[in-house]
Amino acid sequence: MTYLAKPRLHHPSLTVNKVGYTRRDYEGKISTLCAGCGHDSISAAIIQACWELDIAPHRVAKLSGIGCSSKTPDYFLGASHGFNTVHGRMPSVLTGANLANRDLLYLGVSGDGDSASIGLGQFAHAMRRGVNMVYIVENNGVYGLTKGQFSATADQGSKSKKGVVNSDSSLDLVAMALQLGATYVARSFSGDKAQLVPLIKGAIGHGGAAFVDVISPCVAFNNHAGSTKSYDYVREHNEAVSRIDFISPRDEITAVYEPGEVIEVQQHDGVSLRLRKLHADYDPTNRYTALNYMNTHQARGEVVTGLLYLDPLVTDMHVALNTSETPLNSMGAGQLCPGSKTLDKLNASLR
Ligand SMILES: Cc1ncc(C[n+]2csc(CCOP(=O)(O)OP(=O)(O)O)c2C)c(N)n1
Ligand code: SF4
Ligand SMILES: [Mg+2]
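Figured I'd write up the structure that's included with this text. Bear in mind that the values here come from a model prediction, so they are computed numbers and not experimental data.

Quick notes on the coordination of the magnesium ion (ligand 3)
Summarising the metal site, the magnesium ion (ligand 3) is bound by the protein donors Asp112 (OD), Asn140 (OD1) and Val142 (O), whose distances to it range over 2.1 to 2.2 Å. All donors of the magnesium ion (ligand 3) belong to a single chain; written as a sequence motif, their spacing is D-x27-N-x1-V. With a gap of 28 residues between them, Asp112 in helix α4 (residues 112–118) and Asn140 in the loop between β4 (133–139) and β5 (142–143) connect regions that are remote in the sequence. Residue Asp112 is classed as buried on the basis of its relative accessible area, which comes to 2%. Note on Asn140: relative accessible area 4%, which makes it buried.

Dropping the structure here:
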């Protein structure tokens, strides 16, 4: 992959966070994406979220597939672990890494082509297994890297840059994530940093399968009139259900709240999310009403954004499989290999 390294020098008086890093320490190489690509704004939001959460970069593992979106992990968190997998295979590689070492924070970055076409099965199983990860899809409705073919998330009836109408039904990854059992489901827009940064922070603190679909316009192939993934279309049709604030750990835990006002939910690692409901009838703790709400508004041509569903009592794949808390790379040969007698006994029990 071609890339340009960023100059390391930065102003000595830049603010450092609690773990001693400036925001610049969370950057990566210089982006080679088209100027104005929504994906670069998502990288900036990830950088901001990790810096504000005081996450030491070496604690993060970022994995991706293939596509302009999947190139972006090169442009943020340059000091973190990274793995660029085969097209559509990020979820299974991430699941394997997570099983081997649960101590890292897993960030999976993918595209609508990567996750909704070739990787659809992989996406589905990561969600239903409850893999503890932040799964971000940078959704532009096209295969940007291969010059703008419709992807499976392109809306039926939307037009390509050359005026071709998409005749296929679209696939909605948010609806699928809700049905498949994801425990944190959000949709946002790359042009709305104020909404996106807290949604990513909430997903990082979640502790289970967190899915964030970010509509991210492709300025080269899908930003024209007739597209439903353009900057103009999303700005005009954005219907936000909530605004979230992210709150550092605190003692008091609140549970249920005034309808239409503020909901505060404590997450896995002790952080709280304060949800300012913009619609009194919206219930973010019921996946079926969330699905219904989203479908109803979608039928009106609205793009529903915000935190759509949250299960604060989440468990993850490790709990279900009762795996060891110690990462495999910290175990010695004695722990990793139980010996032939134990294996014989195990094999006998399975005959
Ligand atoms: C196995 C395989 N099939 C097809 C391709 C060609 N290919 C590369 S990227 C891509 C689609 C990328 O679309 P998306 O995931 O939406 O990313 P974007 O570029 O739009 O961000 C395709 C089909 C490939 N690299 N590997
Ligand atoms: S082709 Fe589209 S998705 Fe790829 S970098 Fe350019 S604007 Fe972004
Ligand atoms: Mg795409």
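Resuming the write-up.
So, unusual backbone geometry
Although it is not a glycine, Lys147 adopts a positive phi angle of roughly 85 degrees. Along the chain, Lys147 falls in the loop between β5 and β6 (149–150). With phi around 55 degrees, Asn322 is a residue other than glycine that occupies positive phi space. Structurally, Asn322 can be placed in the loop between α10 (317–321) and α11 (333–336).

As for the pairing of β4
Burial of β4 is extensive: 7 of the 7 residues sit out of reach of the surface. Of the two faces of β4, the one lined by Met133, Tyr135, Val137 and Asn139 and the one lined by Val134, Ile136 and Glu138 are each fully buried. As paired strands, strand β3 (residues 105–111) and β4 are joined by 5 bridges and run parallel to one another. Across the sheet, residue Val109 finds its bridge partner in β4, namely Ile136. In this sheet, strand β8 (residues 209–215) lies alongside β4 in parallel orientation, the contact comprising 7 bridges. Its bridge partner being in β8, Val134 is matched across the sheet by Ala210.

Here we look at helix α6 (residues 173–180)
Those residues of α6 lying buried are Leu173, Val174, Ala175, Ala177 and Leu178. Gly181 occupies a position one or two residues after α6 and carries a positive phi of about 110 degrees.

Considering the site of ligand 2
For ligand 2, the full set of nearby residues is Leu33, Cys34, Cys37, His39, Cys68, Asn140, Gly144, Cys218, Val219, Ala220 and Phe221. Looking at the shell around ligand 2, its residues break down into 8 nonpolar, 3 polar and no charged.

Let's talk about the site of ligand 1
Around ligand 1, the structure places 17 residues, and the nearest of them are Cys68, Ser69, Gly113, Asp114 and Gly144. One nitrogen or oxygen atom from the side chain of His39 is found 2.9 Å from an oxygen atom belonging to ligand 1. Gly113 is positioned with one of its backbone polar atoms (N or O) 2.7 Å from an oxygen atom of ligand 1. In isolation ligand 1 exposes 600 Å². Once the protein is present, 74% of that is buried. Of all the secondary-structure elements, those providing two or more residues to the shell around ligand 1 are α2 (68–71), α4 and β5.

Considerations on the packing of aromatic side chains
If you walk through the whole model with that rule in mind, you get 6 aromatic pairs. Ring centres of Phe123 and Tyr135 lie 5.5 Å apart, and the angle between their planes is 85 degrees; this geometry places the pair in the edge-to-face category. Of this pair, Phe123 sits in helix α5 (residues 120–129) while Tyr135 sits in strand β4; the two residues are 12 residues apart in sequence, bridging distant segments of the chain. Accessibility classification places Phe123 together with Tyr135 in one group, the buried group. For the pair Tyr282 and Tyr293, a centre-to-centre distance of 4.7 Å together with 75 degrees between the ring planes defines the contact as edge-to-face. In this pair, Tyr282 sits in the loop between β12 (272–277) and α9 (287–299) while Tyr293 sits in helix α9, placing the two residues 11 residues apart along the sequence.

A short note on α9
The terminal C-alpha atoms of α9, which comprises 13 residues, lie 18 Å apart, in line with the 18 Å expected from a rise of 1.5 Å per residue. Along α9, the positions that sit buried rather than exposed are Arg287, Ala290, Leu291, Tyr293, Met294 and His297. The buried side chains of α9 occupy one side of the element, clustering within an arc of 165 degrees when seen end-on. In α9, the exposed residues that point more than 90 degrees away from the buried face are Tyr288 and Ala299. Buried positions along α9 lie against α6, β7 (184–189), β9 (238–240) and β13 (303–310). Capping of α9 at its N-terminal end is provided by Asn286; its side-chain oxygen lies 2.9 Å from the backbone amide nitrogen of Tyr288. Count one or two residues on from α9 and you reach Gly301, which has phi positive near 85 degrees.

Some points on the packing of α5 against α6
One way to put it is that α5 packs onto α6 with a least axis distance of 8 Å and a crossing angle of 40 degrees. Put simply, α5 runs oblique to α6. Relative to α6, the crossing made by α5 is right-handed. Taken together, the residues of α6 that come into contact with α5 (itself represented by Leu120, Phe123, Ala124, Met127 and Arg128) are Leu173, Met176, Ala177 and Leu180. The class makeup of the residues in the contact of α5 with α6 is 8 nonpolar, no polar and 1 charged.

Comments concerning a nonpolar patch on the surface
On the surface, a cluster of nonpolar side chains totalling about 300 Å² of accessible area is made up of Leu343, Leu346 and Leu350. Relative to the elements of secondary structure, Leu346 occurs in helix α12 (residues 340–350).

Conventions used here
- Residues numbered from 1 in each chain as written.
- Chains lettered and ligands numbered in written order.
- Predicted model: local features only at pLDDT ≥ 70, side-chain atom pairs only at ≥ 80, totals over all residues.
- Heavy atoms only, no water.
- Donors = N, O, S within 2.8 Å, 3.2 Å for Na, K, Ca; no water.
- Helix = DSSP H or I, 4+ residues; strand = E, 2+ residues; numbered from the N terminus.
- Buried < 20%, exposed > 50% of the residue type's maximum accessible area, 1.4 Å probe, protein only.
- Pairing = 2+ DSSP bridges.
- Near = heavy atom within 4 Å.
- Nonpolar A, V, L, I, M, F, W, Y, C, P; charged D, E, K, R; others polar.
- Polar contact = N/O pair within 3.5 Å; in protein donor to acceptor, adjacent residues only side chain to side chain.
- Areas by Shrake-Rupley, 256 points an atom, 1.4 Å probe, with all protein chains shown as cover.
- Phe/Tyr/Trp six-rings, centres within 6.5 Å; stacked < 30°, edge-to-face > 60°.
- Expected span 1.5 Å × (residues − 1).
- Arc of directions from axis to C-beta.
- Contact = heavy atoms within 4.5 Å.
- Axes fitted to C-alpha atoms, helices over the stretch in contact; angles between N-to-C directions.
- Parallel < 35°, antiparallel > 145°, perpendicular 65-115°, else oblique.
- Left-handed = near helix turned anticlockwise from the far one by under 90°.
- Patch = residues over 30% accessible without salt bridge, like charges linked within 9 Å, V, L, I, M, F, W, Y side chains within 5 Å.
- Salt bridge = Lys/Arg side-chain N within 4 Å of Asp/Glu carboxyl O.

The quantities given are spatial measurements derived from coordinates; they are silent on function.
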